[in-house]
Amino acid sequence: MLDIKWIRENPEALDKALTSRQASPAAAELLKLDEARRSHLQTLQDLQSRRNESSKAIGRAKGSGDAAAADALIREIAELKEKIQEGEEKERRLDEALEDALSRIPNVPLEEVPVGPDETANVELRRVGEPPRFPFEPKEHFEVGEALGLMDFDRASKIAGARFTILKGDLARLERALGQFMLDLHTRENGYMEVSPPLLVRDEALFGTGNLPKFEEDLFHTTEGRWLIPTAEVPLTNLAREETLDESALPLRYTALTPCFRSEAGSAGRDTRGMLRQHQFYKVELVSITTPETSLAEHERMTASAEEVLKRLGLPYRVIVLCTGDMGFASRKTYDIEVWLPGQKTYREISSCSVCGDFQARRMNARYRAADSKALRYVHTLNGSGIAVGRALIAVIENYQNEDGSITVPEALRPYLGGQERIVAAGQVA
């Protein structure tokens, strides 16, 4: 959530930022709500001052024996009390209206973020690794998986409907190995603390990360009022909710391997074959909670941590910086990492690393006590995929496929598979 004081001082900057994000200008409406609230607060304060003065005057009137004046003042105080109660109720309504309006405004991009309407304006920063060359026409992951008898979409559809997958045998083991490998890398080498968080969260947690109220249709809601997490970013970031941390404790770095659940409401007709866009998938998430002075450096560090996963797996990838029109709601700057998929002959997103500034912290009331001044300041939050396990599985299948239909196991994963070097069809010996 943006600071209303900043908006008062920079209305043109806000509208410029919103325009760059393909959103409508909002400064005028926000300032109108803010002025109504501030004007009402002044009126309420005046009423309270009058009540206080009248209370003091009662004592003076009684002391001088002026019973009539005292009675008049008592009646006035009763009227003022009623007006103040009505005013406090109106204050709550005005507060809610302003907060609701602010909660729907996206974050302001950093100056260095490229301006553009959509993904066509994203800027490629680097490519790492060369796409493999095959002596045969490479297949897509679902063709390989189904031919091996280890990937089943038809039975998954019977059980749960579209956009679900059943993995069996060595592909299920490979998916599990990928998650374990990523967790070990991030906890043992990259300095993240592993967390096993709740998969069901309350409204407040999703509001804190910016998923509610704007993206309700993308979430799964339970009958008892909780939500299935769309990413472990939600519970991990909310570990700082309503906390006051010491600066010496920062940065906090968390990682988690969890199932994620998304309704994919806005992706009808996209990636309907295979595992690329699922209602349920596993992902290793990275979250950092840090200071304003270090958040940009932390963004580079987080992105490098995600890249290291792909380097260890030997998967070609590229890093792009998203333009203003393609960024996430809470982000100030986002790097997407896209892995090469030979079956599609293109790069596809496998990780997204974002720095959010104090946007989420304001929604969560997450602050820290500065070491130099003891003043309370909002923390900065960052999140990134480190990485999406399902998409990593897709990339391994496609990049390590063999002409006979088998899959070579990347060396980094072999310790997690008992030294196994190949995945073959169900019933065959590797």
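Note that the coordinates shown come from a computational prediction; the quantities given were computed from them, not determined experimentally.

Definitions and cut-offs
- Sequence order as written defines the numbering, with residues in each chain counted from 1.
- Given that the model is predicted, a residue must reach a pLDDT of at least 70 before its local features are reported, and side-chain atom pairs must reach 80 or more before they are shown or counted; all residues, however, enter totals for whole chains, interfaces and linings.
- By convention in this description, side-chain values take in all heavy atoms of the structure and omit both hydrogens and water.
- In this text, helices come from DSSP runs of H or I with a minimum length of four residues, and strands from runs of E with a minimum of two, each type numbered from the N-terminal end.
- Each pair of aromatic rings taken from Phe, Tyr and Trp, with Trp reduced to its six-membered ring, is defined by centres within 6.5 Å and is described as stacked if the planes are under 30 degrees apart, edge-to-face if over 60, and tilted in the remaining cases.
- When accessible area is computed with a 1.4 Å probe and restricted to protein chains, residues below 20% of their type maximum are described as buried, those above 50% as exposed, and intermediate ones as partly exposed.
- For the purposes of this description, domain bounds are those given by an automatic or database domain assignment.
- Should any heavy atoms of two residues lie within 4.5 Å, those residues are considered in contact.
- Two parts lose some accessible area (1.4 Å probe) when they are put together, and adding that loss for both gives the buried area.
- The term polar contact refers here to a pair of N or O atoms within 3.5 Å; inside protein, the definition further demands a hydrogen-donor-capable atom paired with an acceptor-capable atom, and it admits residues adjacent in sequence only when both atoms are side-chain atoms.
- Three classes are used: nonpolar for Ala, Val, Leu, Ile, Met, Phe, Trp, Tyr, Cys and Pro, charged for Asp, Glu, Lys and Arg, and polar for all others, with Gly counted as polar.
- Criterion for a salt bridge: a side-chain nitrogen of Lys or Arg within 4 Å of a carboxyl oxygen of Asp or Glu.
- Nonpolar cores were defined as sets of buried Ala, Val, Leu, Ile, Met, Phe, Trp, Tyr and Cys residues, with membership established by side-chain atoms within 4.5 Å.
- Any helix carries an expected span of 1.5 Å times its number of residues minus one.
- For helices, the fitted line uses only the C-alpha atoms of the stretch in contact; every axis is such a line through C-alpha atoms, and the angle between N-to-C directions lies from 0 to 180 degrees.
- Should an angle lie under 35 degrees it is considered roughly parallel, over 145 roughly antiparallel, and from 65 to 115 roughly perpendicular; all remaining angles are considered oblique.

Observations concerning the environment of G419
With respect to the helices and strands, G419 occurs in the loop between strand 17 (407-408) and strand 18 (422-423). Along the primary structure G419 and V409 are separated by 10 residues, whereas in three dimensions their C-alpha atoms are 9.2 Å apart.

Side note on the packing of aromatic side chains
For the coordinates displayed, the defined rule picks out 5 aromatic pairs. Note on F181 and Y416: the rings are 6.4 Å apart at their centroids and 75° apart in plane angle, and the pair reads as edge-to-face. A residue pair is termed long-range when its members are at least 10 positions apart, and F181 in helix 7 (residues 169-188) and Y416 in the loop between strand 17 and strand 18 qualify at 235 residues. Take Y416: its relative accessible area is 30%, and that puts it in the partly exposed class.

Let's talk about the domain arrangement of the chain
When the domains of the chain are assigned, the result is domain 1 (4-104) and domain 2 (119-423). Computed from C-alpha coordinates alone, the two centres of domain 1 and domain 2 are separated by 45 Å. Each partner contributes residues to the interface: domain 1 has 6 residues there, and domain 2 has 10 residues. For domain 1, the biggest contributors to the area lost against domain 2 are R21, S103 and R104; these three give 76% of the whole. Our enumeration of links across domain 1 and domain 2 arrives at 5 residue pairs in polar contact (both at pLDDT 80 or more). In terms of residue class, the side of domain 1 that touches domain 2 is made up of no nonpolar, 3 polar and 3 charged.

Remarks on the pattern of salt bridges
Tallied over the entire structure, the rule returns 30 salt bridges. Put simply, D95 and R37 hold a salt bridge, and the shortest N to O gap is 2.5 Å. Residue D95 is found in helix 4 (residues 67-103), and its partner R37 is found in helix 3 (residues 27-63); the two are separated by 58 residues along the sequence. In this structure D95 comes out as partly exposed when scored by relative accessible area, which is 27%. Taking relative accessible area as the criterion, R37 reaches 24% and is therefore assigned partly exposed.

Overview of the environment of F136
Along the chain, F136 turns up in the loop between strand 1 (123-128) and helix 5 (141-147). Look at F136 and you get buried, because its relative accessible area is 17%. In this structure the C-alpha to C-alpha distance between F136 and D71, which are 65 residues apart in sequence, comes to 99 Å.

A closer look at the nonpolar core
Core analysis: the biggest nonpolar cluster contains 56 residues, and L171, L178 and M182 have the highest contact counts within it. It is helix 7 that contributes the most residues to this core, 8 residues altogether. In terms of nonpolar packing, the next biggest core, distinct from the first, is built from 20 residues, I7, L102, I105 and A330 among them.

Section: helix 4
Its 37 residues place the ends of helix 4 53 Å apart at the C-alpha level, agreeing with the 54 Å of an ideal helix rising 1.5 Å per residue. Along helix 4, the residues that are buried comprise A70, L73, I77, L80, I84, G87, L94, L98, A101, L102 and S103. Where the residues of helix 4 are buried, they touch helix 1 (4-9), helix 3, helix 8 (203-209) and helix 11 (359-364).

Structural notes on the environment of F215
Its place among the elements puts F215 in the loop between helix 8 and strand 6 (220-221). Residue class for F215 comes out partly exposed when judged on its relative accessible area of 27%. Sequence spacing of F215 and R104 is 111 residues, and the spatial spacing of their C-alpha atoms is 9.7 Å. The contacts of F215, once residues within four sequence positions are left out, are G210 and F329.

Concerning the packing of helix 2 (residues 11-20) against helix 3
At their nearest, the axes of helix 2 and helix 3 sit 9 Å apart, and the two run at 135° to each other. One element, helix 2, and the other, helix 3, form an angle in the oblique class. In this structure, helix 2 uses P11, L14 and D15 to contact helix 3, whose residues at the interface are A27, L30 and L31. Among the residues forming the contact of helix 2 with helix 3, the class breakdown is 5 nonpolar, no polar and 1 charged.

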